[in-house]
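So you can see what is in the structure, the chains are spelled out below.
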Amino acid sequence: MTGIEDIARGIDRYSTLARTAARTLLDVDTNPVPRDWTHITKIDPEDEKELPLLFPLYLQHTSALEVGGSQDVTGQNTEETLELVADRPVPAFQEPSGPQQVTTDTHSKAEFLAIPEVLNGDVEALIGQLGSGVEYMESELAPEIIAEKLPISPGETIEDRLGAFATSWLLKEAVFEAYIIMNPDSAAARESNVTDGDLLDPKTAKQRAMAAERHLGSELIYLEYSGIFGGEEAEAILEAVDDGRRWSRLWYGGGLDDRENAQAVLEAGADAVVVGNIFHEIAAEEADICEQAVEQLDVDATRDEVLEWVEETVDLDDSSATRYLSTIVDVPNPEGRARDYLVTTVRTWLAVQDAVADLDQKGVASVPEIREMFRSTELPGRSDVTAVLDDEESFLTDVLVALAAPRYDLEADGPSVDHLSLELA
């Protein structure tokens, strides 16, 4: 047994040595978070945070989706959100704020699990949640995964060992996200007990980030201002942290709603910007615009007529759609794209109203009838969404069927649409 233990220790030692050498001496990029991610869209599963109807049009320009939030997030609404957005059209990863939000379903749909650790919060924020998360993984999540993979039980002793192994493997697969929270009035700060006295200067932030990278093994360092823009203070912290890191990714989030601010933090050293609230605001804006359009436009209005109406009705320069797209610094003419996406959404919604009116007149007895109606209806957004999603030609039809089915007391299979901004019921 001693020989086996010695071999195991040797393998572990050389594995650690090889990993350290790759990250430092050889400058090999071993970070599982892609280097080319420069823009992350944060999607909150909370019921109040909705998505635009044609959300793939907007999300084709972002690098990845971060699914998670601080309030009213559950395993169920996280599963629903991931089912709707994962790989449509970019990868989605899960950032839970509590252990119970991680399920076998979210694990299968998410690119990876990002575990937050707050570097300037209390002990609970750094290791308390992680401790309860490890216990949850070993006692509940790992056994569920094992039960799915094994057709018969291998026995309690073997199951315990497999559970321990699966838990360690899940943690090994996970990405650890070291937060520096700099807005004490935010929900994130309240959750982690960050107060005014916990805010960091650039030198201290650099030192904690170095500890997170070298000791905690954090693949991500996240400077978070939660809803406000950090300005010159954030730029100074980013420059200091960037100077001290070697292989961790450095992200910035907070108050980003224009190109100038996004460009400033990228130039200060951030690898990526994280944008959340402004994307959800597109959905709220869209719901108001579409409601007005249904009242003021004919269902068969031409593209030119809808375009003229949108330009007269919407302040495009200050719209949420334009401001979101402007945070993606390599997107040319964000206002022009916002105009196109809003016009396409309005035209699609008008066509949907026409189709639903026909369904109401005919009387509907089954989901296949609804599906056939939307499949045969010319929907202006169908070709655009299909082009973005590549191999999901039926996605928009599936979404509209799911939106319309409750109107006729029917239940449709397909993605959950509870998080979309528009309703047909």
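Before any of the text, the structure's been laid out above.
Everything quoted here is computed from the prediction, not taken from an experiment.

A. Representation of the nonpolar core. Tyr324, Val346 and Phe374 are the most contacted members of the largest nonpolar core, which has 95 residues in total. At twelve residues, the largest contribution of residues to this core is made by helix α14 (residues 334–362). Once residues lying within four places of it in the same chain are set aside, the contact partners of Phe374 are Val352, Ala355, Val356, Leu379, Arg382, Thr397, Leu400, Val401, Ala404 and Leu424. Among the nonpolar cores identified, the runner-up in size contains 20 residues, and Trp37, Ile181, Leu220 and Ala272 belong to it.

B. Fine view of a negative patch on the surface. Together, Asp298, Asp300, Asp304, Glu305, Glu308, Glu312, Asp354 and Asp358 give the surface a local cluster of negative charge. For the negative patch, the secondary structure elements donating two or more residues are α12 (303–313) and α14. Looking at the negative patch, the element that brings in the most residues is α12, giving four residues. Tracing the sequence through the fold places Asp300 in the loop between α11 (277–296) and α12.

C. Representation of the packing of aromatic side chains. In total, this model carries eleven aromatic pairs according to the counting rule given. Consider the rings of Tyr179 and Tyr222, whose centres lie 4.4 Å apart with planes at 15 degrees: the pair is stacked. Taken together, the residues span a long stretch of sequence, with Tyr179 in strand β5 (residues 175–181) and Tyr222 in strand β6 (residues 220–224) at a distance of 43 residues. Comparing Tyr179 with Tyr222 shows no difference in burial state: the two are buried. Ring centres 6.5 Å apart and planes at 65 degrees place the aromatic pair Tyr222 and Trp251 in the edge-to-face group. In this pair, Tyr222 sits in strand β6 while Trp251 sits in strand β7 (residues 249–253), placing the two residues 29 residues apart along the sequence. Members of the aromatic cluster, connected to one another through ring pairs, are Trp37, Phe93, Phe112, Tyr179, Tyr222 and Trp251.

D. Summary view of the pattern of salt bridges. A complete count under the given rule lists 17 salt bridges for this structure. Taking the shortest distance from any N to any O, the salt bridge between Lys206 and Asp243 comes out at 2.9 Å. Here the residue Lys206 occupies a position in helix α8 (residues 202–216), and Asp243 occupies one in helix α9 (residues 231–244), the gap between them amounting to 37 residues. Because the salt bridges share partners, they merge into one network encompassing Asp257, Glu281, Asp318 and Arg323.

E. Representation of the pairing of β5 in the model. The buried fraction of β5 amounts to seven of the seven residues, a majority that puts the element mostly inside the structure. Every second residue of β5 is oriented toward a common face, with Val175, Glu177, Tyr179 and Ile181 on one face and Phe176, Ala178 and Ile180 on the other, all of them buried. Where strand β4 (residues 114–118) lies against β5, five bridges are found, and the strand directions are parallel. Counted as the bridge partner of Pro116 is Glu177 from β5. Bridge analysis of β5 against β6 gives five bridges, and the strand direction is parallel. Each residue of the ladder has a partner; that of Ile181, found in β6, is Glu224.

F. Seen up close, the side chain of Ser186. By the secondary structure assignment, Ser186 is in the loop between β5 and α7 (187–192). With residues up to four places along the chain from it excluded, the contact list for Ser186 reads Ile181 and Ser226.

G. Expanded view of α11. Its 20 residues place the ends of α11 29 Å apart at the C-alpha level, agreeing with the 28 Å of an ideal helix rising 1.5 Å per residue. Turning to α11, its buried residues are Ile278, Phe279, His280, Ile282, Ala283, Glu285, Glu286, Ile289, Cys290 and Ala293.

H. Expanded view of the sheet that holds strand β8 (residues 272–275). Overall, parallel pairing links the eight strands, which are arranged β3-β2-β1-β8-β7-β6-β5-β4 in an open sheet. Strands with a single pairing partner mark the edges of an open sheet, and in this sheet they are β3 (92–94) and β4. Averaged over neighbouring strand pairs, the angle between their axes works out to 30 degrees when direction is ignored.

Thresholds applied
Residues numbered from 1 in each chain as written. Predicted model: local features only at pLDDT ≥ 70, side-chain atom pairs only at ≥ 80, totals over all residues. Heavy atoms only, no water. Core = buried A, V, L, I, M, F, W, Y, C linked by side-chain atoms within 4.5 Å. Buried < 20%, exposed > 50% of the residue type's maximum accessible area, 1.4 Å probe, protein only. Helix = DSSP H or I, 4+ residues; strand = E, 2+ residues; numbered from the N terminus. Contact = heavy atoms within 4.5 Å. Patch = residues over 30% accessible without salt bridge, like charges linked within 9 Å, V, L, I, M, F, W, Y side chains within 5 Å. Areas by Shrake-Rupley, 256 points an atom, 1.4 Å probe, with all protein chains shown as cover. Salt bridge = Lys/Arg side-chain N within 4 Å of Asp/Glu carboxyl O. Lys, Arg positive; Asp, Glu negative; His and termini not counted. Charge placed at Lys NZ, Arg CZ, Asp CG, Glu CD. Phe/Tyr/Trp six-rings, centres within 6.5 Å; stacked < 30°, edge-to-face > 60°. Pairing = 2+ DSSP bridges. Expected span 1.5 Å × (residues − 1). Axes fitted to C-alpha atoms, helices over the stretch in contact; angles between N-to-C directions.

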